[in-house]
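Summary of structural features
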Amino acid sequence: MRITCPHCGPRDLVEFSYHGDATLTRPDSASTDPDAWNAYVYDRANPAGEHHEFWQHSGGCRKHLVVTRNTLTHVISGVEFAPGKRTGRKRS
């Protein structure tokens, strides 16, 4: 799979790190509602079709991106910078 970084151009998947679902809304940091935090951390949809995902160009410009990818075909229909968007928890 190739991802076209808006800064660096088309690159192989090995240069990127997946950072999760870009459609999740983080609960208020002051929230003590365990159900809200449990849903945010553990509950994941398994969408079929177009889906927005956070990726980082870790082997290049290190920018965070929102990639629109079809989960059935892996065809990427859009890539944009993700300025000011939180990428959730760090993944190794």
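Notes on the structure follow. (Residues numbered from 1 in each chain as written. Predicted model: local features only at pLDDT ≥ 70, side-chain atom pairs only at ≥ 80, totals over all residues. Heavy atoms only, no water.)

1. A few points about the overall build of the chain
For the chain, the helix and strand inventory stands at one helix and six strands. Counting from the amino terminus, the chain carries its helices and strands in the arrangement β-β-β-α-β-β-β. Taking all 92 residues of the chain together, the buried fraction comes to 26%. If you take every contact in the chain between residues at least 6 apart in sequence, the share linking residues at least 24 apart comes to 48%. Carbon and sulfur atoms provide 50% of the accessible area of the chain, an area that totals close to 6100 Å². (Helix = DSSP H or I, 4+ residues; strand = E, 2+ residues; numbered from the N terminus. Buried < 20%, exposed > 50% of the residue type's maximum accessible area, 1.4 Å probe, protein only. Contact = heavy atoms within 4.5 Å. Areas by Shrake-Rupley, 256 points an atom, 1.4 Å probe, with all protein chains shown as cover.)

2. A closer look at the packing of aromatic side chains
Following the criterion strictly, the structure yields two aromatic pairs and no others. Residues Tyr18 and Trp55 carry aromatic rings whose centres are separated by 5.3 Å and whose planes lie at 75° to one another, so their mutual orientation is edge-to-face. Taken as a pair, Tyr18 in strand 3 (residues 17–21) and Trp55 in strand 4 (residues 50–56) lie far apart in primary sequence, 37 residues in all. Accessibility expressed as a relative area gives 36% for Tyr18, which makes it partly exposed. Taking 6.0 Å as the distance between ring centres and 85° as the angle between the ring planes, the aromatic pair formed by Trp37 and Tyr40 counts as edge-to-face. Taken as a pair, Trp37 and Tyr40 lie in helix 1 (residues 34–42) at a separation of three residues, close to a single helical turn. Trp37 gets classed as partly exposed once you look at its relative accessible area, which sits at 22%. (Phe/Tyr/Trp six-rings, centres within 6.5 Å; stacked < 30°, edge-to-face > 60°.)

Just distances and angles here, no functional claims.
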